[in-house]
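Remarks on the overall topology
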Amino acid sequence: MSAAPILITGGAQRLGRHCAERLVDDGHPVIISYRRERPELEALRARGIVTLAADFSTPAGIEAFIDRLKAETPALRAIVHNASAWAPDTTSPEAAANFEWLFRIHMLAPYLINLQARSLLDACSEPQRDIVHMTDYVVQKGSKKHAAYAATKAGLDNLTLSFAAMYAPTIQVNAIAPALIMLNEGDDEAYAQKARAKSAMQMIPGPGVIYQSLRYLLDNRYVTGVTLPVDGGRHLR
């Protein structure tokens with residue numbers, strides 16, 4: 001339990017929301033960022049989670065979020081960079097804009113937040129302070145249809161090493177690299193079977209395994225600069 005809140009970007013749905021709710025269950029104050037207003041936010045606010053609007057698609061939007069964050073809290077226990085966009089590649093004239101959009105969400109926003117919110121982590125009175133980057137299994141293998149997504153997530157993975165070296169020994173910086181963790185609404189059983197077959201564990205585990213991984217990093221004082229794979233042994237297939 002900590003008095004300073006934990007920030008989760010992109011915390012309004014799916015993995016981010018699950019981790020935010022579990023942290024609150026464990027007694028931690030939580031701040032999340034969200035891109036657009038959605039009904040789920042009211043349930044989070046009712047649980048005491050602070051919600052801050054954020055537009056990470058532009059440098060100005062990122063800077064505005066950092067200003068709102070600093071106005072909201074004087075300290076942070078941890079930053080979890082979970083905000084993400086899943087966009088396929090395109091050969092249209094919008095290809096460059098698509099790549100830049102993913103770069104800003106996956107790399108520029110974490111980079112600027114890590115730099116400019118360090119003072120909030122330094123102000124935390126807890127003995128451990130953390131930054132956690134949510135990357136992706138595809139960082140290790142690339143993607144035929146999501147090359148820009150994979151490349152920008154790989155950039156985020158590399159930022160883990162740089163910030164871990166830069167911020168040691170006072171702030172630990174690590175990453176979690178999930179494969180498919182949960183299905184989307186509308187995914188049928190045929191898709192689920194295909195997804196299960198990709199991993200040695202042959203399962204779709206649900207978001208609890210990500211919270212277990214996050215909890216491990218938040219609780220371990222002797223781990224920094226590592227990427228924790230949560231992929232069910234896909235490399236064994």
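This one's a predicted model, so the numbers in the text were calculated from it and none came from an experiment. Within any chain, residue numbers begin from 1 and follow the written order of that chain's sequence. Selection of residues for local features in this predicted model requires a pLDDT of at least 70, selection of side-chain atom pairs for listing and counting requires 80 or more, and totals for whole chains, interfaces and linings are taken over all residues. Hydrogens are left out, water is left out, and the side-chain values use all remaining heavy atoms of the structure.

1. Things to note about the pairing of strand 5 (residues 129-134)
Operational definition: Partly exposed describes any residue whose relative accessible area lies between the buried limit of under 20% and the exposed limit of over 50%, with all areas from a 1.4 Å probe on protein chains only and scaled to the type maximum. In this description a helix means any DSSP run of H or I spanning at least four residues, a strand means any run of E spanning at least two, and both kinds are numbered starting from the N terminus. By this definition, two strands are paired if DSSP reports at least two bridges between them. With the strands pointing away from the viewer, any crossover whose connection runs clockwise from the first strand over the helix to the second is right-handed.
Of all the six residues making up strand 5, six are buried; the element is thus mostly covered by neighbouring parts of the structure. Every second residue of strand 5 is oriented toward a common face, with Arg129, Ile131 and His133 on one face and Asp130, Val132 and Met134 on the other, all of them buried. Pairing of strand 4 (residues 78-81) with strand 5 involves four bridges; the strand directions are parallel. Paired with Ile79 across the two strands is Ile131, which belongs to strand 5. Relative to strand 6 (residues 171-178), strand 5 runs parallel, the two being bridged by six bridges. Paired with Val132 across the two strands is Asn174, which belongs to strand 6. At this point the chain moves from strand 5, through helix 6 (residues 147-167), to the parallel strand 6, and the crossover so formed is right-handed.

2. Digging into the environment of Ala3
Our working definition: Contacts between residues were defined by any pair of non-hydrogen atoms, one from each residue, lying within 4.5 Å.
With respect to the element layout, Ala3 can be found in the segment before strand 1 (6-8). For Ala3, a relative accessible area of 69% translates into the label exposed. Once residues within four sequence positions are removed from consideration, Ala3 is found in contact with Pro29 and Glu126.

3. Considerations on unusual backbone geometry
The omega torsion of the bond from Ala168 to Pro169 falls at 5°, within 30 degrees of zero and hence cis. At Gln202, a position not held by glycine, the phi torsion is positive, near 50°. Its place among the elements puts Gln202 in the loop between helix 7 (189-197) and helix 8 (208-219).

4. Here we look at the environment of Gln202
For the pair Gln202 and Gly232, spaced 30 residues apart in the sequence, the C-alpha separation amounts to 7.5 Å. Ignoring sequence-local partners within four residues, the contact set of Gln202 consists of Arg196 and Arg237.

5. Overview of the nonpolar core
Quick reminder of the rule: The set of buried Ala, Val, Leu, Ile, Met, Phe, Trp, Tyr and Cys residues whose side-chain atoms join them within 4.5 Å is what this entry labels a nonpolar core.
Membership of the largest hydrophobic core comes to 35 residues, with the highest contact counts inside it found for Phe56, Phe65, Leu69, Leu76 and Ile79. Contributing elements (two or more residues each) for this core: helix 3 (59-72), helix 4 (95-116), helix 5 (118-122), helix 6 and strand 6. Counting residues per element, this core draws most heavily on helix 6, at eight residues. Setting aside chain neighbours within four positions, we find Phe56 in contact with Thr9, Ser33, Ile62, Phe65, Ala83, Arg104, Ile105, Ala109 and Ile113.

6. Some details on the packing of helix 1 (residues 14-25) against helix 8
Convention followed: Every axis corresponds to a line fitted to the C-alpha atoms, with the helix fit spanning only the stretch in contact, and the corresponding angles, defined between N-to-C directions, vary from 0 to 180 degrees. In this scheme, roughly parallel covers angles under 35 degrees and roughly antiparallel covers those over 145, while 65 to 115 is roughly perpendicular and the rest are oblique. In this scheme the handedness of a crossing depends on how the near helix is turned from the far one: anticlockwise by less than a right angle means left-handed, clockwise means right-handed. Side-chain classes are defined by residue name, with Ala, Val, Leu, Ile, Met, Phe, Trp, Tyr, Cys and Pro counting as nonpolar, Asp, Glu, Lys and Arg as charged, and the others, Gly among them, as polar.
Here helix 1 crosses helix 8 at 55°, and the two axes come no closer than 9 Å. The angle between the axes of helix 1 and helix 8 places the two elements in the oblique class. In this structure, the crossing between helix 1 and helix 8 has a hand that is right-handed. Contacts between helix 1 and helix 8 involve Leu15, His18, Cys19, Arg22 and Leu23 on the former and, on the latter, Gly208, Ile210, Tyr211, Leu214, Arg215 and Leu218. Among the residues making up the contact of helix 1 with helix 8, the classes are represented as seven nonpolar, two polar and two charged.

7. Things to note about the sheet that holds strand 2 (residues 30-34)
Spatially, seven strands are ordered 3-2-1-4-5-6-7 in an open sheet, and the strand pairing comes out parallel. Each edge of the sheet is formed by a strand with only one pairing partner; in this case those strands are strand 3 (50-53) and strand 7 (227-230). When strand polarity is set aside, the average angle formed by the axes of neighbouring strands in this sheet is 20°. With three bridges joining them, strand 1 and strand 2 adopt parallel strand pairing. For Leu7, the partnering residue across the bridge sits in strand 2 and is Ile31. On the sheet, helix 8 packs against strand 1, strand 4, strand 5, strand 6 and strand 7 and is oriented at approximately 160° with respect to strand 6.

In short, geometric facts, not functional conclusions.
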